[in-house]
Structure formats: structure tokens, C-alpha cells
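Spelled out from the first residue to the last, the chains are:
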Amino acid sequence: MNETDGLRYRRLNRAKIITDEPQAPENKNSSYSGKVFRVTLVTLAVSLLVPLIGAIILLESPVEPQYLSFLEPPLMSGALEPNFKLRQAERLFEGQLIGPESMANIGGVLYTGTADGKIVKIEDGKMHTLATLGRPPCGTQKDELTCGRPLGIRASQNRTLFVADAYLGIFEVNPFTGKVKVLVPTQIPVNGKSLSFVNDLDVTRDGRKIYFTDSSSKWQRRDYAYLIMEGINDGRLLEYDTFTKEVTVLMDDLRFPNGVQLSPNEDFVLVAEMTMARIRRCYVSGLNKGGLDLFVENLPGFPDNIRSSSSGGYWVAMSAVRPNPGFSMLDFLSQKPWIKKIIFKLLSQEALMQFIPKYSLVVELYDNGVCKRSFHDPHGVVATYVSEAHEQDGYLYLGSFRSPFLCRLNLSEV
């Protein structure tokens with residue numbers, strides 16, 4: 001036997017390993033099962049992707065987003081250092097007030113408007129309905145158009161309430177009898193544009209001039225997410241003269257103008273331009289009358305209502321922030337309008353809200369726009385969807401555009 005035959009022999013007669021463990025039988029179906037799994041997975045992926053791609057291509061987007069540009073958000077440090085001070089607030093009338101957006105007080109009596117079209121009076125710890133602005137049915141977002149949605153509310157020195165209703169216009173309300181008078185109806189266009197989203201207001205001490213915002217001539221309040229994401233500049237600041245009954249446009253081309261606040265000397269009006277995370281200023285008397293400038297830009301969040309503070313500055317409420325360090329979805333999307341279009345092809349406004357992190361922030365600004373201090377509630381544990389900070393008798397009352405309660409913060413404890 002030569003060497004090659006010997007090698008072949010040894011390979012054929014290699015010793016077998018004997019073990020006590022049972023040998024698993026060869027699975028003849030494993031290859032077939034694997035193929036079935038892969039085919040099923042591919043089929044499932046295709047069945048999901050094809051409708052998704054079809055929706056993206058074929059469906060019309062309800063918005064035509066504009067390209068926006070922001071500065072890098074300010075660092076959350078110093079006066080903006082995150083804290084939990086808003087969590088020290090107590091909730092009032094929980095489950096009894098839905099969406100108390102704004103507040104005003106006459107003496108020790110507090111007034112607010114609710115999502116079901118009511119003006120509510122709170123006195124001695126008790127609450128009752130003072131007036132209704134629209135007509136029933138009320139209670140759902142679909143009803144807002146006729147029921148009304150009170151937003152900004154103010155009290156003048158002559159003890160009269162003034163209310164901005166998103167759908168119905170500007171009202172005067174007697175705080176004792178509840179009698180309602182329409183001052184500026186939304187049915188009448190101003191300079192050829194409709195008043196589609198009346199938002200906030202302020203009134204001079206003598207009660208003659210009312211300054212108010214119309215957030216958009218295209219979108220209504222119930223479509224505020226569209227307005228934010230589209231970034232359209234069709235908002236205005238207007239002036240109503242209670243003597244002449246004339247409405248004048250003071251500022252236009254604003255992107256979601258929101259809160260309004262007169263200066264202590266009533267020489268200028270501050271306007272929160274929510275979409276742009278800034279506050280604009282319009283001079284309404286004095287040597288600078290008619291002048292416009294920026295009061296503060298690049299805020300750490302998107303400003304809602306502005307109210308005066310006892311220190312001579314201003315409280316600004318924000319229900320969505322631009323964290324730095326951190327990630328701001330609205331900043332990220334601002335320069336990607338094509339992504340915004342896709343989002344609204346696939347998601348409803350309410351579904352989109354679930355992706356906006358809850359973070360309530362209230363800042364106090366000096367009279368020159370510099371931040372003095374800030375109160376935070378990361379994740380909105382106690383104070384959620386904050387829309388306004390109203391100071392009264394050492395307390396800060398926190399309104400909300402959708403929460404079912406008011407919050408009250410004792411300023412001496414923070």
C-alpha cells in the first residue's frame with residue numbers, strides 16, 4: 001500500500017466520538033421555515049411601506065411651510081438655570097376649569113375664560129359663571145366656532161372687563177351683572193383681511209384704547225398647530241378706539257402674534273411673536289410714536305402671554321422650550337419645510353402634540369428685556385401647558401390653554 005492509499009484509509013476509518021448526550025436529529029424543514037419567515041417579513045414591510053409612500057406622494061399637505069431661521073438658543077444657565085420652582089405651585093379647581101388661558105382681577109376677585117365659552121368669576125374660593133359669549137352647544141373643539149373661546153382677558157381701572165374671543169372678537173363684560181357687549185366683531189374684515197384668530201389684548205388706563213392681536217387671517221385657533229408649523233406671517237397688532245369705534249392696524253406681517261402688554265407709561269406695546277421666539281415693540285405715543293423694534297429676541301422658548309410684574313418688568317409664559325443643551329424639534333424643523341409637509345400628511349394636529357415635550361417655563365424680564373429670573377417645571381409635572389403668569393397679592397397665577405385647572409405659586413417661597 002503506497003503513501004496515498006494509506007492517507008485515504010486513515011480518513012475513511014477515522015474514530016467516531018461516542019457521547020451519552022442524545023444527538024439532535026437533523027431538521028429537514030429548517031431551510032424551508034427560514035424562507036417562509038423572510039418572505040413574510042418582506043411582505044409585511046412592503047405592505048406598510050407602499051401605503052406610506054403612496055400617502056406621501058399622493059396626499060395634499062394642509063400646510064405650506066415657510067423656511068425660517070433661528071439663532072442658537074440661549075444657554076440654560078444663570079437666570080435661566082433649570083429648576084423645579086413651578087412644582088411648588090398648587091392646583092386650584094382641578095377638573096372644574098378647562099383651559100383657563102388668561103386671568104384678570106378686580107380687587108380680590110379673579111376672572112378667567114374657559115374652553116367652553118364661559119367667563120368665570122372666582123371669589124372667596126368659590127367659582128360661578130358670569131357670562132357666556134357664544135351659543136351652545138359647547139365643550140368640544142368643533143363647537144368653538146359658535147360657542148366661542150375666550151383667550152385674553154383684562155380689567156380696566158373703571159372696573160370693566162375686556163375679553164378677546166378667538167372666534168367672536170373683542171367684548172366688554174360687566175363684572176357684576178354679566179352683561180356682554182360686542183366691540184369688535186370678527187365678521188367685519190379690517191383692511192381687507194378677516195379676523196380669524198383674535199388672541200390677546202390690553203387696554204389703556206382711561207379705557208379708550210384697546211390693543212389686540214389677530215394671530216392669523218388664514219388659520220383659526222383650533223388649527224394653531226398648523227399656524228406654528230407653517231410659519232406664515234399673516235398676523236397683526238391692532239388698535240381699537242372705543243370713542244371713534246375705529247380699528248387701526250399697527251403692525252402686520254407677524255408670525256403668530258400672541259400676548260400683548262402695554263408699558264407702565266403706556267408709550268409702547270409689547271407683542272409676543274410666538275413662532276419666532278421673540279417679543280416685538282410698537283411705540284403708540286410720545287416722540288417715538290409709530291416706531292417698531294425688537295424688545296428681546298432668541299428667547300429660550302416660544303412666548304405666549306405677557307403680563308406686568310410688580311418689579312416694573314414683565315412675566316412671560318412659555319409652554320414649549322428650546323433647550324440648550326438639548327434638542328428643539330421646532331428649531332430643527334424650521335429649515336426643513338419639506339419634512340413639515342410630510343408630517344401633516346401623516347399626523348393630525350393632536351397626534352403631533354404628543355411629540356412636543358412638556359416643559360413649562362415662566363421668565364421675568366427686566367424693563368430692558370434682560371432675564372431677571374425663571375421658574376421651571378420640566379416635564380410639566382404640576383404646571384402644564386402654561387399660557388400666562390398673572391401676579392396678584394404676592395402670588396403668581398398660572399393660566400393654561402388646555403389644562404383643567406389653575407395653578408397658584410407663592411412668590412415669597414421661591
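The structure we're discussing is the one just above.
Residues numbered from 1 in each chain as written. Predicted model: local features only at pLDDT ≥ 70, side-chain atom pairs only at ≥ 80, totals over all residues. Heavy atoms only, no water.

Caption draft 1: Representation of the pattern of salt bridges in the model. In the structure shown here, the tally under the stated rule is 20 salt bridges. Between Arg 408 and Glu 90 there is a salt bridge; the shortest N-O distance is 2.7 Å. Of this pair, Arg 408 sits in strand S24 (residues 406-410) while Glu 90 sits in strand S1 (residues 90-92), and the two are 318 residues apart along the sequence. Between Glu 144 and Arg 221 there is a salt bridge, and its shortest N-O distance comes to 2.8 Å. Here Arg 221 lies in the loop between strand S11 (209-214) and helix H4 (224-230) and Glu 144 lies in helix H3 (residues 144-147), a separation of 77 residues in the sequence. Comparing Glu 144 with Arg 221 shows no difference in burial state: the two are buried. Overlapping salt bridges, with partners in common, bring together Asp 200, Arg 307 and Glu 388 in one network. (Salt bridge = Lys/Arg side-chain N within 4 Å of Asp/Glu carboxyl O. Helix = DSSP H or I, 4+ residues; strand = E, 2+ residues; numbered from the N terminus. Buried < 20%, exposed > 50% of the residue type's maximum accessible area, 1.4 Å probe, protein only.)

Caption draft 2: Broad picture of the sheet that holds strand S20 (residues 359-365). Judged by pairing direction, the sheet is antiparallel, and its 4 strands sit side by side in the order S18-S19-S20-S21 without closing on themselves. Each edge of the open sheet is held by one strand with a lone partner, namely strand S18 (301-308) and strand S21 (371-378). Going across the sheet, the axis of each strand differs from the next one's by a mean of 20°, ignoring polarity. Sheet topology note: the strand S19 (residues 314-321)/S20 ladder contains 5 bridges and is antiparallel. Following the sheet pairing, Ala 317 is matched in S20 by Val 362. (Pairing = 2+ DSSP bridges. Axes fitted to C-alpha atoms, helices over the stretch in contact; angles between N-to-C directions.)

Caption draft 3: Structural detail: the pairing of strand S22 (residues 386-392). With respect to burial, S22 is a largely interior element, 7 of its 7 residues being buried. Pairing analysis gives 6 bridges linking S22 to strand S23 (residues 395-400), with the strands arranged antiparallel. Note that in S23 the partner of Ala 389 across the bridge is Leu 398. Linking S22 back to S23 in an antiparallel pair, the connection comprises 2 residues, with Asp 393 at a positive phi of about 50°.

Caption draft 4: Expanded view of the sheet that holds strand S4 (residues 118-123). Taken together, 4 strands build an open sheet; the order of strands is S2-S3-S4-S5 and the sheet is antiparallel. Single-partner strands in this sheet number two, and they are strand S2 (103-106) and strand S5 (126-132). Taking each pair of neighbouring strands and ignoring which way they run, the sheet shows an average axis angle of 25°. Summarising the sheet, S4 and S5 pair through 6 bridges and their orientation is antiparallel.

Caption draft 5: Structural context of the environment of Trp 315. Considering the arrangement of structural elements, one finds Trp 315 in strand S19. According to the relative accessible area criterion, Trp 315 is buried, its value standing at 0%. Through-space distance from the C-alpha of Trp 315 to that of Glu 391 is 8.4 Å; in sequence the pair is 76 residues apart. Polar side-chain contacts of Trp 315 include one of 2.8 Å to the side chain of Glu 391. (Polar contact = N/O pair within 3.5 Å; in protein donor to acceptor, adjacent residues only side chain to side chain.)

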